[in-house]
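# Inside the fold
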Amino acid sequence: LKEMTDLSQSLILQAAIAEFMERGYFDEHVAQLRQAYRSRMEQVLAWLEAALPAETPFTRPDGGLCVWVDLPPHLEVQRLFEHLRGRGVLVSPGSLYQPTASVRNGIRLCVAAEPAERLHEAFAILGRELGELLRRPPPAPAEQEYQSMH
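Summary of the structure given here.

### Looking at the overall build of the protein chain
Secondary structure summary: the protein chain contains five helices and three strands in total. When its helices and strands are written in sequence order, the protein chain yields α-α-α-β-α-β-β-α. Looking at the protein chain residue by residue over its 150 residues, the buried ones come to 27%. Relative to all contacts within the protein chain whose residues are 6 or more apart in sequence, the contacts with residues 24 or more apart total 59%. As displayed, the protein chain has an accessible area near 11100 Å², and 56% of this comes from carbon and sulfur atoms.

Laid out in structure tokens, this is it:
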């Protein structure tokens, strides 16, 4: 919409960005960001290792800012999502990132934007809630109705 209303981007901003890149500041900035996010992910993985139950393994990504936590098949992700949301912790149900819900039961944690203290607290809550849910016996399988082939 902005481009449609003024037909271009700010020439001063474009010139400043061009200068920033020509002087090599962009590459330096990206290198600093990579190091900062690498350090963040290392800290996140340590917190998750300490907080999550053994029945909930998680990925150790080579890059990126998200971690996948695998959940036992009987644990309903949507119920976990609602449960955690009530405690101020938002996670992404894995079904949002898969073509079908039955592929892999889990949640995705994005660690890019939240302050470190909030992430640490959220992982502690996540670990406690998962531990509590996993101590409960799995639900009995639902009985299927018999349907006649006639």
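### Quick look at the environment of Ile125
If you trace the backbone, Ile125 turns up in helix 5 (residues 116-135). Between the alpha carbons of Ile125 and Val89 there is a distance of 7.7 Å; along the sequence they are 36 residues apart. Leave out the neighbours within four places in its chain, and Ile125 touches Leu84, Arg87 and Val89.

### Focus on the nonpolar core
Of all hydrophobic cores here, the largest spans 28 residues; its most connected members are Val44, Leu48, Leu71, Leu80, Ile107, Leu109 and Phe123. For this core, the secondary structure elements donating two or more residues are helix 3 (25-51), strand 1 (66-70), helix 4 (77-85), strand 3 (106-110) and helix 5. Looking at this core element by element, the count peaks at eight residues for helix 5. Residues contacting Ile107, with those up to four places away along its chain left out, are Val67, Trp68, Val69, Leu71, Val77, Leu80, Val91, Ser92, Gly94 and Leu126.

### Let's talk about the sheet that holds strand 1
Ordered in space as 1-3-2, the three strands form an open sheet in which the pairing is antiparallel. The sheet is open, and its two borders are formed by strand 1 and strand 2 (92-93), each paired with just one other strand. Sheet topology places strand 2 next to strand 3; two bridges connect them, and they run antiparallel. Bridge assignment links Pro93 to a residue of strand 3, and that residue is Ile107.

### Considerations on helix 2 (residues 11-22)
Along an α-helix, residues three or four apart share an orientation, since each turn contains 3.6 residues. With 12 residues, helix 2 extends 16 Å between its outermost C-alpha atoms, agreeing within 8% with the 16 Å of an ideal straight helix rising 1.5 Å per residue. Trailing helix 2 by a residue or two, Gly24 shows a phi angle of about 85°, which is positive.

### Quick notes on the state of the cysteines
Per the stated rule, a full pass over the model turns up zero disulfides. Here Cys66 is not cross-linked by a disulfide; its sulfur's nearest cysteine counterpart is in Cys110, at 3.9 Å. Residue Cys110 is classed as exposed on the basis of its relative accessible area of 52%.

### Some thoughts on the side chain of Glu129
Within the secondary structure, Glu129 is located in helix 5. The class for Glu129 is buried, based on a relative accessible area of 8%.

### Focus on the side chain of Gln98
Tracing the sequence through the fold places Gln98 in the loop between strand 2 and strand 3. Polar contacts involving the side chain of Gln98 include one to the main-chain carbonyl oxygen of Gly94, which spans 3.0 Å. Among the polar contacts made by the side chain of Gln98, one reaches the main-chain carbonyl oxygen of Arg104 at a distance of 2.8 Å. Residues contacting Gln98, with those up to four places away along its chain left out, are Trp68, Val103 and Arg104.

Procedures and definitions
- Per chain, residues are indexed from 1 in the order of the written sequence.
- In view of the model being predicted, local features appear only for residues whose pLDDT reaches at least 70, and side-chain atom pairs are presented and counted only at 80 or more, with totals across whole chains, interfaces and linings using the full set of residues.
- Derived side-chain values reflect all non-hydrogen atoms in the structure, with water molecules and hydrogen atoms excluded from consideration.
- Secondary structure follows DSSP: runs of H or I at least 4 residues long count as helices, runs of E at least 2 residues long count as strands, and numbering of each begins at the N terminus.
- Buried residues are those whose accessible area, probed at 1.4 Å on protein chains only, stays under 20% of the maximum for their type, while exposed residues exceed 50% and partly exposed ones sit between those limits.
- Pairs of residues are marked as contacts when any of their non-hydrogen atoms sit within 4.5 Å.
- Computed by Shrake-Rupley with a 1.4 Å probe, the accessible areas treat only the displayed protein chains as cover when residues are assessed.
- Among buried residues, the Ala, Val, Leu, Ile, Met, Phe, Trp, Tyr and Cys ones that are joined through side-chain atoms within 4.5 Å form a nonpolar core.
- Pairing between strands is defined by DSSP: at least two bridges between the two strands are required.
- Given the number of residues in a helix, its expected span is that number minus one, multiplied by 1.5 Å.
- Counting rule for disulfides: a pair of cysteine sulfur atoms within 2.5 Å.
- Here a polar contact means two N or O atoms within 3.5 Å. Within protein one must be a hydrogen donor candidate and the other an acceptor candidate, and residues neighboring in sequence count only if both atoms are side-chain atoms.

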